[in-house]
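Commentary on secondary and tertiary structure
Listed here are the chains, written in short residue letters.
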Amino acid sequence: MIVIDSLTVRFGGVTPINDMNLTMTAGSNGLIGPNGAGKTTFFNVLSGFVRPAEGTVTVFGDELLPMADFKRVRWGVRRTFQTEQAIADLTVYENVLLIEEHSGRKSSTRRADVIEAVEFVGLGNQIGRAVGTLGAAERRLVEVARAIVGHPRLVLLDEPAAGLPEDETEKLGEIIKQIPDRTGAMVVLVDHDMELVSATCDEVAVLDFGSVIASGKTQAVLADPLVMRAYLGDDERVQA
Amino acid sequence: MTHANPTDNRLPSILTAATPRRVITFVAFVLIALLLLPIVLSAFWMKIMFEMAAYSLVTLGLGLLVGRTGIYSLCQVPMMAAGAWIALRVHYLVDLPFPLLLLISGLLTGLLGIVIGLPAMRLSGLYLALVTLMAAGAITLLLTVVKFPNGGDGFWGFDKLNSSGQNILPRPSSATSDIAFYRYTVVVAAIGFLVAAIHITGKPGRAWASIRQSEVTAVSAGVNTTLYKLWAFALSAAVTGVAGGLIVAGTGVTTNQFPVEQSITLLAVVLLGGVYNLWGAVLAAFFLRVFPQILDKKLGLPVEVLTMLFGVGVISTLAMQPKGVVEDLTNLGRFVGSKFARSERAEHEGVAT
Ligand SMILES: Nc1ncnc2c1ncn2[C@@H]1O[C@H](COP(=O)(O)OP(=O)(O)OP(=O)(O)O)[C@@H](O)[C@H]1O
Ligand SMILES: [Mg+2]
């Protein structure tokens with residue numbers, strides 16, 4: 001369970017997160033909202049890159065915000081980035097191993113864990129290739145493998161399907177759907193692709209101007225006229 | 001074409017150092033340096049080759065920092081002086097076997113490297129380079145005041161009355177002649193390169209690669225960036241400190257042998273040599289110690305020409321976006337390298353098909 005209480009982030013005069021209150025309980029949770037709603041900023045708070053002005057975030061009973069940024073990975077926070085960040089100079093194997101060896105796991109299971117994660121995302125045949133030589137979709141999958149290797153507890157996916165063709169997005173959706181059962185982690189998925197969100201997430205929250213304007217069962221939230229209005233204000237992608 | 005079978009795929013690493021071809025190349029290179037060069041080269045050129053061998057550890061140290069973590073330091077030459085100073089100081093303090101003296105030099109210089117690396121926690125790029133240059137200036141200035149130890153009393157160990165200007169450390173009894181000590185140096189350098197290779201292909205190498213890509217990438221992978229940056233500084237300084245110990249035993253040192261500008265020249269040759277490949281460090285040491293002698297002794301050109309060439313390279317590096325120019329210069333290093341590699345590769349592929 002993730003409990004977000006009165007979370008506020010200020011950048012000078014901008015308030016990208018404004019008194020955000022939300023409790024997430026599902027295995028897969030969607031977080032949607034128009035451009036600039038504060039979704040990525042929220043992830044940055046959870047990763048420790050942004051220090052909020054106010055509020056707390058409690059995940060599985062542990063307060064996340066007082067933890068040093070790099071130690072959160074050891075605790076179990078994993079993420080992918082809106083602009084993909086897999087390390088181009090390293091192989092797929094090394095990319096995933098990097099997370100595994102910094103998350104405090106026993107070294108005896110490392111190799112098996114890494115191979116399992118890579119095979120889970122379907123990159124078993126590419127495991128020895130340098131990430132820099134892979135295509136965009138494959139690099140996204142490398143990031144997903146990095147996010148689920150070992151024992152993740154909170155997997156944050158920031159627009160993992162952005163720029164992917166429909167069939168690749170579908171495949172990715174299948175993989176994301178399996179993460180909670182397979183790893184026991186909670187997934188928070190940010191994406192503008194409503195089909196992907198409704199296919200993978202049991203619950204959804206809608207962020208607009210840094211506040212939660214709706215949350216609940218995915219189908220109910222997506223049918224909410226208020227949500228449609230917030231979205232249609234400046235994003236037509238939902239119509240598709 | 002060999003088709004990779006699944007079990008081959010289980011051992012994947014583009015960083016893996018110990019491919020048979022690399023091991024053979026490395027061993028062959030070391031054997032040539034140990035056995036062939038002393039036969040074919042004159043005493044003068046062997047002295048130059050000794051310097052190249054010792055300085056290859058210095059270029060290795062800077063190459064590790066620049067190439068692996070993307071950190072630019074202009075404090076590498078004073079690290080070498082520090083290594084020499086520490087070796088002398090410890091020698092006058094206690095009678096230790098030479099390898100132990102080198103080890104202590106490396107360890108203590110490594111600690112100094114950590115101190116120099118502290119600003120890297122806050123600064124990067126050009127700003128950090130300037131701070132390290134100032135540190136280099138400070139260390140060089142300190143050295144002109146305290147001088148190299150010559151058996152005097154006190155912490156600094158310098159005796160004014162007993163000063164000859166030149167400080168030499170006794171060589172190990174097993175390698176007293178110039179040729180023997182040259183070979184000793186080649187072996188120590190080879191060990192240094194192996195230690196570097198082990199780091200690069202292991203956990204530190206992966207952590208450094210993440211830092212080089214971006215701080216955000218590294219932190220979100222759980223990498224303690226402070227620890228690994230300082231580790232890079234320590235390793236870089238340690239191999240350089242060992243080089244200082246070798247130089248002070250091989251040719252001796254004088255106080256004004258380590259001018260601040262030389263750190264800039266060093267960065268230039270390291271970039272020229274190529275920082276993403278350990279062989280780049282060997283090439284850089286060649287540019288630094290052998291190439292000037294070839295210009296001077298063989299071609300009769302003034303050495304200043306070379307300094308100017310290197311100088312132009314550095315100005316363009318500092319004036320432009322650091323990463324972009326590294327890429328350019330590294331490609332140049334690779335281009336030079338590929339000339340050597342081409343025939344070998346053709347041969348290799350010939351065997352495989
Ligand atoms: N480091 C920063 N400094 C100042 N403002 C920022 C910073 N990062 C984000 N913002 C602002 O905060 C707001 C929220 O941005 P954020 O990236 O969180 O939105 P988002 O919901 O992820 O949008 P998108 O769907 O386009 O990715 C935007 O107005 C953005 O300009
Ligand atoms: Mg975003």
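Once a new chain begins, its residue numbering starts again from 1 and follows that chain's sequence as written. Note on labels: chains are lettered from A, ligands numbered from 1, in written order. In view of the model being predicted, local features appear only for residues whose pLDDT reaches at least 70, and side-chain atom pairs are presented and counted only at 80 or more, with totals across whole chains, interfaces and linings using the full set of residues. The side-chain values count all of the structure's non-hydrogen atoms but skip hydrogen atoms and water molecules.

1. Here we look at the overall build of chain B
Broken down by element type, chain B carries 14 helices and zero strands. Each helix is a run of H or I in the DSSP string that is no shorter than four residues. Each strand is a run of E no shorter than two, and both are numbered from the N terminus. For chain B, the succession of helices and strands along the chain, N to C, is α-α-α-α-α-α-α-α-α-α-α-α-α-α. The classification of residues rests on relative accessible area computed with a 1.4 Å probe and restricted to protein chains. Under 20% of the type maximum is buried, over 50% is exposed, and intermediate values are partly exposed. The burial tally for chain B puts 50% of its 353 residues in the buried class. Contacts are residue-level and defined by heavy atoms, with any inter-residue pair within 4.5 Å sufficient. In chain B, the proportion of contacts linking residues at least 24 apart, taken out of those at least 6 apart, comes to 76%. Carbon and sulfur atoms provide 69% of the accessible area of chain B, an area that totals close to 16,700 Å². Under the convention used here, a 1.4 Å probe and the Shrake-Rupley method define accessible areas, while residue burial counts only the protein chains that appear.

2. Side note on the pairing of strand β7 (residues 154-158) of chain A
Residue and element names in this part refer to chain A. The element β7 is extensively covered by neighbouring structure, given that five of its five residues are classed as buried. Side chains of β7 alternate between two faces, with Leu154, Leu156 and Asp158 and Val155 and Leu157 buried alike. Two strands pair when backbone bridges link them, and strand β6 (residues 77-79) and β7 are joined in this way by three bridges, in the parallel orientation. Within β7, the position partnered with Arg79 by the bridge is Leu156. Of the pairings in the sheet, the one linking β7 to strand β8 (residues 186-190) comprises five bridges and is parallel in character. Counted as the bridge partner of Leu154 is Met186 from β8. When the strands point away from the viewer, a crossover counts as right-handed if the path from the first strand over the helix to the second runs clockwise. Note that the unit made of β7, helix α6 (residues 166-183) and β8 has a crossover that is right-handed. Being paired, for any two strands, means DSSP has found at least two bridges between them.

3. Remarks on the interface of chain B and chain A
Each partner contributes residues to the interface: chain B has 24 residues there, and chain A has 29 residues. In this assembly, chain B packs against chain A so that about 2,400 Å² is buried in total across both faces, 60% of it on carbon and sulfur atoms. The salt bridge definition used is simple: a Lys or Arg side-chain nitrogen within 4 Å of an Asp or Glu carboxyl oxygen. Across the chain B-chain A interface, the total number found is two salt bridges. A salt bridge links Glu101 of chain A to Arg206 of chain B, with the shortest nitrogen-to-oxygen separation between them at 2.7 Å. Pairs of N or O atoms are called polar contacts if they sit within 3.5 Å, as long as, within protein, a hydrogen donor faces a hydrogen acceptor (for residues adjacent in sequence, only side-chain-to-side-chain pairs). Our count for the chain B to chain A interface comes out at seven residue pairs in polar contact (both at pLDDT 80 or more). Throughout, the accessible surface (probe 1.4 Å) given up by two parts as they are put together, summed over both, is called the buried area.

4. Quick word on the confidence of the model for chain B
Confidence of the predictor at the level of single residues is captured by pLDDT, which takes values from 0 to 100. Considering every residue of chain B, the mean pLDDT works out to 81; 81% of them sit at 70 or more. Across residues 321-327 of chain B, confidence stays below pLDDT 50; counting only partners more than four residues off in sequence or on other chains, it has 12 contacts.

5. Describing the coordination of the magnesium ion (ligand 2)
Ideal values for angles at a metal depend on the geometry: 109.5 degrees with four tetrahedral donors, 90 or 180 degrees with six octahedral donors. Only N, O and S atoms count as donors, using a 2.8 Å limit from the metal and a wider 3.2 Å limit for Na, K and Ca, and since water is excluded some coordination spheres may look unfilled. Within the first shell, the magnesium ion (ligand 2) binds the protein through Thr40 of chain A (OG1) and Gln82 of chain A (OE1), at distances of 1.9 to 2.1 Å. Of this pair, Thr40 of chain A sits in helix α1 (residues 39-47) while Gln82 of chain A sits in the loop between β6 and α3 (92-101), and the two are 42 residues apart along the sequence.

6. Here we look at the packing of aromatic side chains
All names here are of chain B. In summary, the pairing rule links any two rings of Phe, Tyr or Trp, Trp by its six-membered ring, whose centres are within 6.5 Å, and it sorts them by plane angle into stacked for under 30 degrees, edge-to-face for over 60 and tilted for everything else. All chains considered together, the criterion is met by 11 aromatic pairs over all chains. With 5.3 Å between their ring centres and 15° between their planes, Tyr228 and Trp231 make a pair best called stacked. With Tyr228 and Trp231 both in helix α10 (residues 225-250) and three residues apart, the pair spans about one turn of that helix. Members of the aromatic cluster, joined through ring pairs, are Phe50, Phe98, Phe181 and Tyr184.

7. A short note on the sheet that holds β7 of chain A
All names here are of chain A. The mixed open sheet is built from six strands, whose spatial order is β6-β7-β8-β3-β9-β10. The open sheet is flanked by β6 and β10 (211-217), the only strands paired with a single partner. The mean angle between the axes of side-by-side strands here comes to 20°, regardless of whether they run parallel or antiparallel. Think of each axis as a best-fit line through the C-alpha atoms, taken over the contacting stretch in the case of a helix, with angles from 0 to 180 degrees between the N-to-C directions. Across the sheet, α6 lies against β3 (28-32), β7 and β8, angled at about 155° from β8, the strand it touches most.

8. Overview of the nonpolar core
Nonpolar cores are built from buried Ala, Val, Leu, Ile, Met, Phe, Trp, Tyr and Cys residues. Side-chain atoms within 4.5 Å join them into one set. In terms of nonpolar packing, the biggest core is built from 143 residues, with Ile32 of chain A together with Leu57, Phe148 and Leu246 of chain B touching the most fellow members. Top contributing element to this core by residue count: helix α3 (residues 43-69) of chain B, with 16 residues. Ignoring sequence-local partners within four residues, the contact set of Phe148 of chain B consists of Ala81, Ala84, Trp85, Leu88, Leu143, Phe158, Asn167, Val253, Thr254, Thr255 and Phe258 of chain B. Counting residues in each nonpolar core, the second largest holds 28 residues, with Ile17, Met24, Val59 and Val190 of chain A among its members.

9. Remarks on the pattern of salt bridges
When their charged atoms lie close together, side chains carrying opposite charge are able to pair. Residue and element names in this part refer to chain A. Scanning all chains against the criterion turns up 14 salt bridges over all chains. Measuring nitrogen to oxygen at the nearest pair gives 3.7 Å for the salt bridge that ties Lys217 to Glu203. Remark: Glu203 occurs in strand β9 (residues 203-208) and Lys217 occurs in strand β10; sequence separation between them is 14 residues. Taking the relative accessible area as the measure of exposure, Lys217 reaches 55% and is therefore exposed. A relative accessible area of 17% places Glu203 in the buried class.

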